[in-house]
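Notes for the structure review
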Amino acid sequence: MSVLVCGGAGYIGSHNVRALLDRGEGVVVLDNLWTGHRESLPGSVPFYEGDVRDAALLDRILSEHPVESVIHFCACSLVGESVEQPLRYFNNNVYGMQVLLEAMERHGLDKIVFSSSAAVYGEPRRVPILEDDETAPTNPYGETKRTMERMMHWVGLRHGIRYVSLRYFNVAGAREDGSIGEDHRNETHLVPIILQVPLSRRTHVTVYGDDYPTPDGTCIRDYVHISDLADAHLRALDHLRAGGEGGIFNLGSGAGYSVREMIEAARAATGHAIPVEVGPRRAGDPARLVADSTRAREVLGWVPRVTRMEDIVATAWNWHRTHPNGYGG
Ligand code: NAD
Ligand code: UDP
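This report concerns the structure included in the present document. (Residues numbered from 1 in each chain as written. Chains lettered and ligands numbered in written order. Predicted model: local features only at pLDDT ≥ 70, side-chain atom pairs only at ≥ 80, totals over all residues. Heavy atoms only, no water.)

**Considerations on the site of ligand 1**
Within the structure, ligand 1 sits among 30 residues, and Asp31, Thr35, Asn92, Tyr141 and Lys145 are positioned closest to it. Taking Gly10, its main chain carries an N or O atom lying 3.1 Å from an oxygen atom of ligand 1. One of the backbone nitrogen or oxygen atoms of Tyr11 is found 2.9 Å away from an oxygen atom of ligand 1. Elements represented by at least two residues in the shell around ligand 1 include exactly helix H1 (11-22), strand S5 (111-117) and helix H5 (140-159). Sort the elements by how many residues they give to the shell around ligand 1 and S5 lands first, with three residues. Tallied by class, residues from the shell around ligand 1 come to 13 nonpolar, 13 polar and four charged. (Near = heavy atom within 4 Å. Polar contact = N/O pair within 3.5 Å; in protein donor to acceptor, adjacent residues only side chain to side chain. Helix = DSSP H or I, 4+ residues; strand = E, 2+ residues; numbered from the N terminus. Nonpolar A, V, L, I, M, F, W, Y, C, P; charged D, E, K, R; others polar.)

**A few points about H5**
Over its 20 residues, H5 extends 27 Å from the first C-alpha to the last, a length consistent with the 28 Å expected when each residue adds 1.5 Å. Of all the positions in H5, only Pro140, Tyr141, Gly142, Thr144, Lys145, Met148, Glu149, Met151, Met152, Val155 and Gly156 are classed as buried. Residue Gly160 follows H5 closely and has a positive phi angle near 75°. (Expected span 1.5 Å × (residues − 1). Buried < 20%, exposed > 50% of the residue type's maximum accessible area, 1.4 Å probe, protein only.)

**A short note on the pairing of strand S4 (residues 67-72)**
Within S4, six of the six residues are buried, which leaves it mostly tucked inside the rest of the structure. Pairing of strand S1 (residues 2-6) with S4, which is carried by five bridges, proceeds in the parallel orientation. Paired with Ser2 across the two strands is Val67, which belongs to S4. Where S4 lies against S5, three bridges are found, and the strand directions are parallel. Counterpart to Ile71 in the pairing with S5 is Val113. (Pairing = 2+ DSSP bridges.)

**Looking at the site of ligand 2**
As a structural note, the neighbourhood of ligand 2 is formed by 14 residues, with Leu190, Thr206, Arg221, Arg282 and Asp285 the closest of them. Within the side chain of Arg221, one N or O atom sits 2.7 Å away from an oxygen atom of ligand 2. Within the contact set of ligand 2, an oxygen atom lies 2.7 Å away from a side-chain nitrogen or oxygen of Arg282. About the coverage of ligand 2: the protein hides 87% of its 510 Å² of free accessible area. Top element by residues in the shell around ligand 2 is strand S8 (residues 205-208). It accounts for three residues. Residues of the shell around ligand 2, tallied by class, amount to seven nonpolar, four polar and three charged. (Areas by Shrake-Rupley, 256 points an atom, 1.4 Å probe, with all protein chains shown as cover.)

Written out as structure tokens, the structure reads:
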């Protein structure tokens, strides 16, 4: 039997594919390579270059492979872009989910694990954030993720599809052996941006605001290592396979680190000075986002293992320094 991994050539998807293969699972990947990389996947993995919104292609894949469950990573996921192009986000993310669920229904598939995001919460009323806290997205990206969750909920009630929606906080790091990692052409994430300094790609890091109501004035986030994230997906699959009730789970390590603390961790991991300039705030950035992941710990038995920021950044650095051009050679 196989797991269909939609968006499996992306940053998080490719790490999950490896984790599935490591424990002997069959895997089929569908990805349109908008932001993913064929090179991030072993050549032996069945790979379909195409779009999750292509119902005929899904029918073909599901008739050619004995798929029993789906992990869905496909999305447009840049917050700023989503504000500029909301309909592109609704089309790719929400309509993509609709086409996928319709195919699952046609082929009698009843298990899906989904990449949601802390962006569904918007500006939180309290931290740490619990799954049942209010969701009030402040941008179209977060709104699409919330809508996709609601779609799975209602379709699940009607058609018996069970879902686990994993609300990731800030994902960082790379596979420990340095073979795969993060390679986004339009990079916005803090950790890879910091590491562009020791790679001589930029002279300094711009800190987006140091006047937030936090101890050092910079934004606090909850960083979770990519391997721990992959482990949570395996556990979510096992949970659904064992007949467990689906639901929503926060995934964070439960501790918050400021932008300045992350830069300090990168200095320690790389041995590079990493100069900093303070710039204006980035629109829409909440001061503090930290997950309460108790539900994932209790229900899925998930315990994040790589929780020292220096260790998380070290794995990212191991990837970037050995692949300064990412998958481009
Ligand atoms: P990514 O862009 O590297 O991966 C997404 C993959 O989906 C890419 O390979 C892309 O080519 C593919 N894709 C997009 N639209 C598609 C379509 N219509 N058909 C087929 N393939 C398509 O992003 P990522 O950082 O790996 O994120 C994966 C998922 O996790 C996304 O859904 C994202 O919203 C979510 N997420 C990421 C983070 C993070 O910190 N990186 C945090 C929260 C949630
Ligand atoms: N950030 C920053 N400089 C950068 C990139 C990010 O100060 O060049 C900050 C950003 O304002 C946020 C934190 O780093 O407070 C994490 O940003 P990222 O884009 O990685 O993740 P987000 O929390 O927005 O999903």
